[in-house]
Amino acid sequence: MSKKVIGLLGSPLPEGNTAQLLARAMQGARDAGCDVELITVANLDFQGCQEKFFCQDHETCILDDDMQQIYPKFVDMDGLILATPVMTMGIPGTLKSFMDRFQVFFMAKYHRKQPLVSPDQKAGRNGLFICISGMDIPEVFVGPKLTVRAFFDIIDCQYRDELLINGMDRIKDVKTRPDILDAAYKKGHALGVSLAAAGQPHEK
């Protein structure tokens, strides 16, 4: 059975530089034999976490919106490619609100000690983080990485690899840099290969 990989686009631009890099990474995963699905956060109809704490005792959120369709996908997936630009030394607000709604996973894992992702499934789940920044300063990816690592931990997906590209204000259009697009493809392909290997029985 093919491994399932979600491509999560955190940028509000469906054809921007971040989206193009994500598309190349997803193609790499597809070419490695994975089934891929794109989820564009900006297209979802949802609210930020309202701290109702319904998820403290239930496996879902009390808010009835598009997140109800998202949770099962994140339980069933084998891999995640999360792509976002840097905004205000962090990630876009809509993407952060999306992540905050995964208190459903947090409460199950840390409060009830009953993770939504089984231990066997967790062992084979891997993620790739793609992030671009207009600025070219050493600390620009610190905030986004901390947030994404925390998110990956909450959803029981190993932070396997990353592609961090700064100086996009100079590059402008990533299509002028086929080397960067190729790097995204290779990272996605490697993720797909790792997922396939995780599903193979170990030699004795």
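Remember, it's a predicted structure, so these values are computed and weren't measured experimentally.

J.: Please explain the sheet that holds strand 3 (residues 79–85) as it appears in this structure.
T.: Backbone hydrogen bonds are what pair the strands of a sheet, in a parallel or an antiparallel way. The strand order 2-1-3-4-5 describes an open sheet built from five strands, whose pairing is parallel. Each edge of the open sheet is held by one strand with a lone partner, namely strand 2 (35–40) and strand 5 (158–165). The mean inter-strand angle of the sheet, taken between neighbouring strand axes irrespective of direction, is 15 degrees. In terms of strand pairing, strand 1 (residues 4–9) meets strand 3 through five bridges, oriented parallel. Of the residues in strand 3, the one forming a bridge with Gly 7 is Ile 81. Running at roughly 175 degrees to strand 5, helix 8 (residues 178–198) makes contact with strand 1, strand 3, strand 4 (126–132) and strand 5 of the sheet.

J.: How should I be thinking about the side chain of Asp 65 in this particular structure?
T.: Looking at the secondary structure, you find Asp 65 in the loop between strand 2 and helix 2 (67–76). Exposure remark for Asp 65: the relative accessible area of 13% places this residue in the buried category. Excluding residues that lie within four positions of it along the chain, Asp 65 makes contacts with Asp 45, Phe 46, Gln 47 and Arg 101.

J.: How do you make sense of helix 8 when you look at a structure like this?
T.: Residues spaced three or four apart along an α-helix point in a common direction, a consequence of the helix completing one turn every 3.6 residues. Its 21 residues give helix 8 an end-to-end C-alpha distance of 30 Å, which sits within 8% of 30 Å, the value for a rise of 1.5 Å per residue. Contacts from the buried residues of helix 8 go to strand 1, helix 1 (17–31), strand 3, strand 4, strand 5 and helix 7 (168–171).

J.: Quick question: what am I supposed to make of a nonpolar patch on the surface here?
T.: A contiguous nonpolar patch, built from Met 89, Met 135 and Ile 137 and spanning about 220 Å² of accessible area, is present on the exposed surface. Tracing the backbone shows Ile 137 in the loop between strand 4 and helix 6 (142–154). Given the relative accessible area of 31%, Ile 137 is considered partly exposed.

J.: Could you clarify how one ought to interpret the packing of helix 1 against helix 8 in this entry?
T.: Two measures define how a pair of helices packs: the angle their axes make with one another and the distance between the axes. Between helix 1 and helix 8, the least distance of the axes is 6 Å, while the angle of their chain directions is 40 degrees. Considering their axes alone, helix 1 and helix 8 lie oblique with respect to each other. The handedness of the crossing between helix 1 and helix 8 comes out as right-handed. Between helix 1 and helix 8, the residues in contact are Gln 20, Leu 21, Arg 24, Ala 25, Gln 27, Gly 28, Ala 29 and Asp 31 and Ile 180, Leu 181, Ala 184, Tyr 185, Gly 188 and His 189, respectively. When grouped by side-chain class, the residues that make up the contact of helix 1 with helix 8 number seven nonpolar, five polar and two charged.

J.: I keep staring at unusual backbone geometry and nothing clicks. Help me out?
T.: The bulk of non-glycine residues show a negative phi, and the bulk of peptide bonds are trans. A positive phi is found at Glu 51, a non-glycine position, where the angle reads about 55 degrees. What makes Glu 51 exposed here is its relative accessible area of 58%. Positive phi, normally seen in glycine, also occurs at Met 89, with a value near 65 degrees. Residue placement: Met 89 occurs in the loop between strand 3 and helix 3 (93–100). Residue Met 89 is classed as partly exposed on the basis of its relative accessible area, which comes to 34%.

J.: What am I meant to see in the pairing of strand 3 here?
T.: Each regular strand shows side chains that alternate between the opposite faces of the sheet. With respect to burial, strand 3 is a largely interior element, seven of its seven residues being buried. Of the two faces of strand 3, the one holding Gly 79, Ile 81, Ala 83 and Pro 85 and the one holding Leu 80, Leu 82 and Thr 84 are both buried throughout. With seven bridges joining them, strand 3 and strand 4 adopt parallel strand pairing. Residue pairing in the sheet places Leu 80 in a bridge with Gly 127 of strand 4.

Quick notes on the rules
- Residues numbered from 1 in each chain as written.
- Predicted model: local features only at pLDDT ≥ 70, side-chain atom pairs only at ≥ 80, totals over all residues.
- Heavy atoms only, no water.
- Pairing = 2+ DSSP bridges.
- Helix = DSSP H or I, 4+ residues; strand = E, 2+ residues; numbered from the N terminus.
- Axes fitted to C-alpha atoms, helices over the stretch in contact; angles between N-to-C directions.
- Contact = heavy atoms within 4.5 Å.
- Buried < 20%, exposed > 50% of the residue type's maximum accessible area, 1.4 Å probe, protein only.
- Expected span 1.5 Å × (residues − 1).
- Patch = residues over 30% accessible without salt bridge, like charges linked within 9 Å, V, L, I, M, F, W, Y side chains within 5 Å.
- Areas by Shrake-Rupley, 256 points an atom, 1.4 Å probe, with all protein chains shown as cover.
- Salt bridge = Lys/Arg side-chain N within 4 Å of Asp/Glu carboxyl O.
- Parallel < 35°, antiparallel > 145°, perpendicular 65-115°, else oblique.
- Left-handed = near helix turned anticlockwise from the far one by under 90°.
- Nonpolar A, V, L, I, M, F, W, Y, C, P; charged D, E, K, R; others polar.

In short, the description is geometric, and any link to function would need to be established separately.
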